[in-house]
Every structure is written in structure tokens, then in C-alpha cells.
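Residues per chain, in single letters:
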Amino acid sequence: MGQNIVQKIIGSHILSGNMVPNEEISVKIDQTLTQDATGTMAYLQFEAMGVPQVKTRLSVSYVDHNTLQTGFENADDHRFLQSVAAKHGIYFSRPGNGICHQVHLERFGVPGMTLLGSDSHTPTGGGLGMLAMGAGGLDVAVAMGGGPFYLNMPKVVNVRLTGRLKPWVSAKDVILELLRIMTVKGGVGKIIEYSGEGVTTLSVPERATITNMGAELGATTSVFPSDEVTLAFLKAQDRANDWSEIKADDDASYDEIIEIDLAELEPMVAQPHSPDNAAKVTEIGRIPVCQVVIGSCTNSSYTDLMRVAGILKGKKVHPSTSLSIAPGSRQVFEMLARNGAMADIISAGARILETACGPCIGMGQSPSSGAVTVRTFNRNFEGRSGTADAKVYLASPEVAAASALTGVLTDPRELGEYIDVQMPDKFLTDDSMIIPPAEDPSLVEVLRGPNIKSLPVNRQLPAKISGPALLKLGDNITTDHIMPAGAKILPLRSNIPAISQYVFSGIDLSFPDRAREAGEGFVIGGHNYGQGSSREHAALAPMYLGIKAVITKSFARIHKANLVNFGILPLTFVDETDYDTFNEENTLEIDVSSIDTMNELVVKNVTGGNEFRVRHDLTPRQMEIIKAGGLLNYTKQQAG
Ligand code: MIC
Ligand code: SF4
């Protein structure tokens, strides 16, 4: 029986378990990446493991999130990251060199390899035919130390692409259509594998836009074949030697099949406040747009920005609309500067931002109150832009640039003749902003500023946990709800005591104080709890505040793994209607002494006098981690 791409790559990296859907497996990780907002923790954890040099084939530390230096904090973190990288065998991509996923695609990604990144959009690498997955920083630290990465074997969904995109329809529209079909929880426990003749019509950056936003489906990752198109891209990056062909066997089988005819797609947007709230631009109509932002790891490649420049050339941004553009990498930025396209962009009235995540993570450019903003990003969760009542629409660079000119949401097909941008035969390659690790690590001193606080650790799991249900939430709670980002809070990523004061701050400002006062407590959620970012701070900071268990209808993959890593029990209702049988602030009590032998536990509602059942699906290994109070404690115990 033939194999699909997922089975081939996992099969060649599997260390334990069988490739049976939902069975726990572990795989060897070839490459890791971190970014600064999750990286400081990941490297503190790596240091705590006491491994002198990384054991991966390649590990890269990027600085792209916390680049706004409004105080010493971010700059201190950058300095720490640079020195810790030099000491432990890690390449360091300096601030200004670009967004981790874009740079990794250009300079490091290798078809057929595994990549683990402390960022949920690591699947961008799937555009090159890698098995690229997002995880919490601690899992990445373990992988850097040579440890396996554990996951449940996902189901494989085959998305068959036929036809070819019409002019002005783009890769973003493909993934928005898939989000419309599958929703933000449709990909949980699955990997999306693309095939069909439509694949050959898409360039690597276009494929990467699609795999990038597979994260929004909740999918473990997404992957494209590695073919002639991949080879051409790698050649143009001076990396032809990194190429190998990766394709599914003709008789490969899949758990699910979805067909999309590229020729039938039209320009789309995701409406507020969810990436799956997708509709055709023509269905929404010409609503006034206050702001347009073009950039992020989804849509800021060379071809994306060349087309934007072509649209803007000789025209001016509408007087009631602000246009900001952040190129995805220094390679893209410099190529546009040299070929004159940047001049067209500047002349149109665009505000050029640093080559970084920027507004995507709320680092500046927050829109005005109640404003409609069209962004080429991947997430439009409420409040993520920094303006609580802003209405964020996600769209392709073409829709965004057209709307910037007209001041209203605009179908780019109105622009007339299509601007065809060719992939360059040769990209400008200059890796001088990527600093290799030190030749003699013993000479490197790791520099820690006062913002870097030591790691809090959890206690062992007691026999009984009890406390109030501190917060009762609905479906699709994101890690942006749990642990918000933005220019004010992000600089505290290496300071858990300080950042914990902002847990759930967009929902309930009293949460941290109530949690502290209670000593121990619970959070209650609906379906797909913890979707979105990989930030382990959404587990670590609640753990610091005394959260012992989170009880939900279902979890998103990365967040659930992060909860386990920090010793918080992820539990789900056996009967979902029990969600309605208790209120916020009711005191709950769970006897957890038998989690080893029983996967159902009884929750006593001490206030209401009733009981209900919850379950866990922890593997024996995860059970030991929970009992130890988290992965770091567990690893120390294992080491004796
Ligand atoms: C995001 O897009 O939310 C982030 C910021 O890149 C996160 C990581 C983080 O919170 O640091 C992600 O997607 O994992
Ligand atoms: Fe950065 Fe936004 Fe991409 Fe996250 S989604 S890595 S914040 S550009």
C-alpha cells in the first residue's frame, strides 16, 4: 500500500508508537526555530536542562516580535537571546532580518525534514515540503536538547487542488475558502496534505501562505509536495543542494478528501472576529475602510509586495485610509528597494514599517475606535489589533492594496489588467544578519537584564484539587484572550510574575487577584479552548496564579500540550450539558488520586451540591508529567 507525504516524513522520523490516528507517537526533530516572544522562556528552559550544545541539525533564534523598544525590556531580551544562542550552538537572526517563518523559508527550510518552532505558524515551512509544527517553548527546548517530540498521530486530510487561480485571485483566497469549509476547529487532530494538478501552478511563497494559515484550521500542520517548483525556489535562493523530491505514492490513501477548483475561487475576506468567518468580497460590498496593513508571515513575500507595488504605482492612498506595509524579510525589503518598487510604494503614501511582525501582534498601528481595518494577516481575533472595538478583515495583498486606493473594501478585479509578477531567477542572498554560534562557547557570557526572571515551577499534583470556578467562558477562546499580547504586555514575556497580572485582562480584569486570593482554582471553557498562538505563557501564567485544571468541551492541540507541560490538568465534560449545571465562583472539588487508573473523574460542586463527570485522555507519559507538576520537574525526576 502506498504512502502519503505525511506518512513518509513521519515514517522516516518516528521514534516510538505506530502511525495509527490518535495513537501517541514521538518523532525526531531535525530543525528548530524560536522567536523572541516565546524564545526567552524556551532558552531559560533549555539552560535548565543543562545540555551544553543543541543536538539538532539546525536551530535558529529569530527576533521579530518584540522589536518596539519603548524601555529596556525588549532590548535586554534581544541581548540575552543573542548571547545564549552563541553559547549553545544556535544561529541568531538579528532584529531587522525579518519574520521567522519568512526567513526560515528563504534561507533554511529543507524538504522532507522535520521542523519544530515555538510559534504556531511554523507550518509555513510546509510550503517547502517540510513537516513543520508549532509547539510550546518547552517542547522546543526538549527538541534542541535532542529529545523526541510527542504528538498524537493526526489524521491526514487530502486537499485536491484542480484548475488555476484566475487573475486577482490569490493563495490567501484558497486558505480562506478552506477555513470557510472546515472552520477554526475543523483541522484539530489533522494534517492537511495538498495534491492535484493545481499544486504545480502555485509558487513556494503561495504554498507557504496556505500552509501558514492552516494553523487557523487548528491543524497540526499542512504540507505540499516538493517538486520542480520547489527546486526552482531553492535554486533562486542559492540552495539547490537542499532539494529533494517529496511526493505521495499514486495509491496513497487519506482519512478525508476535500476538492477545491482554483478556477472557481473569487477574492475573499475573513470578517470580524474569526478567520473562518469568510465571505466573497462582492458579498460584503463597499464598506468604508479606515486602515490597511500589508505584511505578516502570511503575506509579505517578494511576489506579494511586488504586486502591491504594481497596484500602487502612480496612484495615491485614499485620504481617509491609512496604509502601512511591513516587508516580511530583509531580503524582500532590499530587493524592492533596489528594483525601485519600494519607491512606488512610498510615493503612493504608504507608511513603511520595520521588517517584523509589528501590527500583527499589536505592536503599534492599532486602528482608531470602531474602525474597519483590512489586513493581510492570519488572525482577526477581537482586540488583537490593540483596539478593542476595531473590526479586522483578513484579505489578500491584492484586496488590501485595492482597498487602500479606493477607501472602501474593493474587489481587485475592478483594477483592470492583472499585474503579473514573476518569481525571480535569483533572490538577493546576504546572510550577514544571521550570526553563527560561537566557535569557542566557553568564551561567551550569557547576558541577562533585570527583566529576565527565573522560571516558576509547579508543585506535584496533590490527591485532591479544589477551588472556585474562577471564569466560565464560551467556545473558541483564543490564547490572545488568555494571555494577551500587544506592545504593553509582550515585553513581560520573560517575567512571569509581572505578566501574570494580565491573564484574561481583556475579559475580566479581576481574574488575577481573584485567582491569587483563592490560592487554587479552575477555568471553564467551551469548544476549541486555547486556539491560536503557541504561547506557553497562556499555561505558565495561569499555573503561576494557581490554576489546577481547565475543564472544557474540547481543546486546541498546542494549548492542551502546554497545559500538560506546566502541570495543569486538561479535562473535558463527559456530558456537555453539565456545563450548565454550575456557576462562576461555585467551589469545585476533584479527587485526582486515581488519574492513573481511571480516565473519568467526578467533580463535586461543593456550592451547588451536585456532581458531574469529566474525563482526561492523558497518555501514561503525560500522566507522569502532570503528577510531577510539569515537564521540567518530570525531566529532573527522570534524570534521577
Ligand atoms: C501569534 O501570532 O500569536 C504569535 C505571537 O506569533 C504567537 C506566538 C507568541 O504568542 O509569542 C504564535 O502564533 O504562536
Ligand atoms: Fe508574527 Fe503575526 Fe506571524 Fe505571529 S502571525 S509570527 S505575530 S507575523
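Everything here concerns the structure above.
Residues numbered from 1 in each chain as written. Chains lettered and ligands numbered in written order. Predicted model: local features only at pLDDT ≥ 70, side-chain atom pairs only at ≥ 80, totals over all residues. Heavy atoms only, no water.

### What about the nonpolar core?
Grouped together as the largest cluster of nonpolar side chains are 99 residues, with contacts concentrated most on F504, F511, I524, Y529, I551 and I590. Broken down by element, the residue count for this core peaks at six residues, all from helix α5 (residues 137-144). Dropping the residues within four chain positions of it, Y529 is found in contact with L473, I477, I482, F504, V523, V550, T552, S554, F555, A556 and H559. (Core = buried A, V, L, I, M, F, W, Y, C linked by side-chain atoms within 4.5 Å. Buried < 20%, exposed > 50% of the residue type's maximum accessible area, 1.4 Å probe, protein only. Helix = DSSP H or I, 4+ residues; strand = E, 2+ residues; numbered from the N terminus. Contact = heavy atoms within 4.5 Å.)

### Let's talk about helix α21 (residues 631-638)
Buried within α21 we find L631, L632, N633 and Y634. Where α21 is buried, its residues contact α2 (36-49), α5, α19 (557-565) and α20 (620-628). The first or second residue beyond α21 is G640, which carries a positive phi of 100°.

### Points about the pattern of salt bridges
Following the criterion strictly, the structure yields 30 salt bridges and no others. The shortest N-O distance in the salt bridge between D430 and R330 comes to 3.0 Å. Separated by 100 residues along the polypeptide, D430 in the loop between α13 (397-406) and β20 (434-435) and R330 in helix α11 (residues 330-339) bring together distant segments of the chain. For the salt bridge of R514 with E585, the shortest nitrogen-to-oxygen distance reads 2.4 Å. Of the two residues, R514 is situated in helix α17 (residues 511-518) and E585 in the loop between β24 (569-573) and β25 (587-591); the sequence distance between them amounts to 71 residues. Sharing partners across several salt bridges, the network here consists of E266, K280, D411 and R413. (Salt bridge = Lys/Arg side-chain N within 4 Å of Asp/Glu carboxyl O.)

### Here's the deal with the sheet that holds strand β23 (residues 547-552)
Strand-to-strand pairing in sheets goes through backbone hydrogen bonds, with the strands running parallel or antiparallel. Overall, mixed pairing links the seven strands, which are arranged β21-β22-β23-β24-β27-β26-β25 in a closed barrel. Each adjacent strand pair in this sheet contributes to an overall mean axis angle of 35°, direction not counted. Sheet topology places strand β26 (residues 600-605) next to strand β27 (residues 611-615); five bridges connect them, and they run antiparallel. If you follow V602 over to β27, its bridge partner there is R613. (Pairing = 2+ DSSP bridges. Axes fitted to C-alpha atoms, helices over the stretch in contact; angles between N-to-C directions.)

### Section: unusual backbone geometry
Glycine aside, a negative phi is what most residues show, and trans is what most peptide bonds show. The omega angle of the peptide bond from P272 to H273 is -5°, so this bond is cis rather than trans. Here H273 lies in the loop between β13 (268-270) and β14 (278-280). You will see that T183, though not glycine, has its phi angle at about 70°, which is positive. Residue position: T183 is located in the loop between α6 (171-182) and β10 (190-195). Within the chain, F504 stands out as a residue other than glycine whose phi angle is a positive 60°. Here F504 is to be found in the loop between α16 (496-499) and α17.

### Some points on the layout of surface pockets
Volume-wise, the second largest pocket comes out at about 610 Å³. T201, S203, E206, D420 and V421 are the residues nearest the centre of the second largest pocket, which is lined by 31 residues in total. Mapped onto the lining of the second largest pocket, the elements with two or more residues apiece are α6, α7 (204-212), α8 (228-236), α10 (302-312) and α13. Among the residues forming the lining of the second largest pocket, the class breakdown is 15 nonpolar, seven polar and nine charged. (1 Å grid on protein atoms, 1.4 Å probe; cavity = no way out; pocket = protein on both sides within 12 Å on 5 of 7 lines; lining within 4 Å. Points joined across faces, edges and corners; volume = space filled by probe spheres on them. Nonpolar A, V, L, I, M, F, W, Y, C, P; charged D, E, K, R; others polar.)

### Concerning the sheet that holds strand β12 (residues 256-261)
Across the sheet, which stays open at both edges, the four strands sit in the order β11-β10-β9-β12 with parallel pairing between neighbours. The open sheet has two edge strands with one neighbour each: β11 (221-223) and β12. In this sheet, adjacent strand axes meet at a mean angle of 20° when their direction is disregarded. Summarising the sheet, strand β9 (residues 155-162) and β10 pair through six bridges and their orientation is parallel. Considered in β10, the bridge of N158 is made with E193. Most of the contacts of α6 go to β12, to which it runs at about 135°, and overall it touches β9, β10 and β12.

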